[in-house]
Amino acid sequence: MKNYKTIVLSNQEISPGYYRMQILAPGYDAQARAGQFVMFRVQRSLPPLLRRPFGIFRTGFLAPDCDGMPPKEFIEIVYKVVGLGTEIMQDLHQGDQIELLGPLGRGFDLGAPDEDKILVGGGIGLVPLYMLAEKLDNKARSRLLMGGRTRDDIITVTEFERLGVETYVSTEDGSLGEEGLVTQVLERKLQKYPQATVYACGPMPMLDAVQRICANHKAPLQVSLEALMACGVGACLGCVVKGAGHSEETPRYLCTCKQGPVFNAEELDWRQLDEPQQDCGGCR
Ligand SMILES: Cc1cc2nc3c(=O)[nH]c(=O)nc-3n(C[C@H](O)[C@H](O)[C@H](O)COP(=O)(O)OP(=O)(O)OC[C@H]3O[C@@H](n4cnc5c(N)ncnc54)[C@H](O)[C@@H]3O)c2cc1C
């Protein structure tokens, strides 16, 4: 894990309100694992005070220059504009300086190559699933279920399809793919592939529904949580979630940034979803 100043290589809007940014990032291709994230700080202004966490979409190498130097490594992040930090990010251009801390957190366990796998992504939750799909050995036994409110939320479909992973799209308003929730597709796929391991990232209500369906089918589930996060390294405890077996008498907290963001479903106390995370907004 390193903190360093680096530069933006490109930053493009790929769907209304969604951007894909390529960042010069030496060392990441060898180090970063699917499901890990970076903490991103814009150099331009004091606010926002805190770094912002973003999943690593992919790593790679730029085409070599003709100068005999080794090819340069990059990472890509894909982000949705939701507030101050991401509003500043959308105006960044090639060559702008930023600060990157990472790669951070616990990534996905890739499992055995001969297992069926079902990846479920809701909206921006599709981001960490790309690197996961890329790293899976047996793509022919992997299916990706993409869900969003409207067609604008279904991002990077072509990239996933190019990997050779079977892809299913659903939108709540029916503007792309099947009309309805991605979880209804999951229910059907688990009936067809009852031995599958499920990997999911998306909004909490979606993860909650995915967890219930997987529990009914006794399907192993790994989830990537996008809790509110301030430091990213386990120091501030701002991103703790309740672990399985938590009670007032025996409190059990897990730090999303250090012990996650990827958890096995049985490590978590799913009742906590009834208590929305508090965002005081005061120090952001
Ligand atoms: C491990 C991890 C990986 C993430 N990966 C991605 C990613 O790949 N792409 C992406 O677009 N976003 C991702 N996020 C969420 C992203 O960090 C937030 O959207 C971002 O910090 C918002 O910053 P902001 O300054 O624009 O918004 P703020 O001004 O900080 O907040 C604007 C609004 O968004 C809400 N918000 C902020 N952070 C979160 C969050 N984590 N979850 C839910 N609501 C939030 C706030 O409560 C507030 O209502 C990830 C978060 C985590 C913890």
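Look a little higher up for the structure.
A quick note: this is a predicted structure, and the numbers were derived from the prediction, not measured.

About the thresholds
- Residues numbered from 1 in each chain as written.
- Predicted model: local features only at pLDDT ≥ 70, side-chain atom pairs only at ≥ 80, totals over all residues.
- Heavy atoms only, no water.
- Core = buried A, V, L, I, M, F, W, Y, C linked by side-chain atoms within 4.5 Å.
- Buried < 20%, exposed > 50% of the residue type's maximum accessible area, 1.4 Å probe, protein only.
- Helix = DSSP H or I, 4+ residues; strand = E, 2+ residues; numbered from the N terminus.
- Domains from an automatic or database assignment.
- Salt bridge = Lys/Arg side-chain N within 4 Å of Asp/Glu carboxyl O.
- Axes fitted to C-alpha atoms, helices over the stretch in contact; angles between N-to-C directions.
- Parallel < 35°, antiparallel > 145°, perpendicular 65-115°, else oblique.
- Left-handed = near helix turned anticlockwise from the far one by under 90°.
- Contact = heavy atoms within 4.5 Å.
- Phe/Tyr/Trp six-rings, centres within 6.5 Å; stacked < 30°, edge-to-face > 60°.
- Pairing = 2+ DSSP bridges.
- Disulfide = S-S within 2.5 Å.

A. Local environment of the nonpolar core. M21, Y28, F40, I75, I77, M89 and L100 are the most contacted members of the largest nonpolar core, which totals 46 residues. Here this core gets six residues from one element, more than from any other, and that element is helix 3 (residues 127-135). Both domain 1 (2-104) and domain 2 (108-224) contribute no fewer than three residues apiece to this core. Ranked by size, the runner-up nonpolar core spans 26 residues in total, among them A200, M206, V223 and L268.

B. Examining the pattern of salt bridges more closely. All told, the structure shown has 12 salt bridges when counted by the stated rule. R41 is the salt-bridge partner of E99, the closest N and O atoms lying 3.5 Å from each other. Separated by 58 residues along the polypeptide, E99 in strand 7 (residues 97-104) and R41 in strand 3 (residues 37-42) bring together distant segments of the chain. By relative accessible area, E99 is classed as buried at 10%. R271 is the salt-bridge partner of D269, the closest N and O atoms lying 2.9 Å from each other. Given a relative accessible area of 54%, R271 falls into the exposed group. Taken together, the shared-partner salt bridges in this structure form one network comprising R20, R58, E76 and E159.

C. Main features of the packing of helix 5 (residues 182-192) against helix 6 (residues 204-217). Helix 6 packs onto helix 5 with a crossing angle of 20° between their chain directions and a minimal axis gap of 10 Å. When the axes of helix 5 and helix 6 are compared, the pair comes out roughly parallel. The handedness of the crossing between helix 5 and helix 6 is right-handed. Residue-level inspection shows V182, T183, L186, E187, L190 and Q191 of helix 5 in contact with helix 6, the latter providing M206, A209, V210, I213, C214 and H217.

D. Main features of the packing of aromatic side chains. What the rule picks out here adds up to six aromatic pairs. Consider the rings of F40 and F54, whose centres lie 6.2 Å apart with planes at 85°: the pair is edge-to-face. Residue F40 is located in strand 3, and its partner F54 is located in strand 4 (residues 52-55); the two are separated by 14 residues in the primary sequence. Across this residue pair, the class does not change: F40 and F54 are buried.

E. Just unusual backbone geometry, in detail. Omega for the bond connecting G102 with P103 falls within 30 degrees of zero, at -5°, which places this linkage in the cis form. Position of P103 among the secondary structure elements: in strand 7. Between G260 and P261 the backbone carries a cis peptide bond, its omega angle lying at 10°. The topology assignment puts P261 in the loop between helix 7 (256-259) and strand 16 (262-264). If you check the backbone angles, T156 has positive phi at about 55° while not being a glycine. Relative to the helices and strands, T156 resides in the loop between strand 9 (142-148) and helix 4 (157-162). Relative accessible area serves as the criterion here: at 10%, T156 is assigned to the buried category.

F. Looking closely at helix 3. In terms of residue burial, helix 3 counts as a mostly covered element, since seven of its nine residues are buried. Those residues of helix 3 not exposed but buried are V127, P128, L129, Y130, M131, L132 and A133.

G. Broad picture of the sheet that holds strand 4. An order of 4-3-7-1-2-6-5 is seen for the seven strands of this open sheet, with the pairing classed as antiparallel. Since the sheet does not close on itself, it has two edges, and those belong to strand 4 and strand 5 (58-61), each with one partner. The sheet shows a mean angle of 40° between the axes of neighbouring strands, direction not considered. Looking at chain direction, strand 3 and strand 4 are connected through four bridges and run antiparallel. Paired with F40 across the bridge in strand 4 is R52. Against the sheet, helix 3 engages strand 4, strand 5 and strand 6 (73-80), with an angle of about 60° to strand 5.

H. Spotlight on the side chain of Q22. Tracing the backbone through its elements, the reader meets Q22 in strand 2 (residues 18-24). Non-local contacts of Q22, meaning those with residues more than four positions away in its chain, are made with V8, L9, S10, L62, F74, I75 and E76.

I. Representation of the state of the cysteines. As enumerated under the stated definition, the model contains zero disulfides in all. Not engaged in a disulfide, the cysteine C236 finds its nearest cysteine sulfur in C231; these two sulfurs lie 3.8 Å apart. C255 forms no disulfide, and the closest cysteine sulfur to it belongs to C257, at a distance of 4.1 Å.

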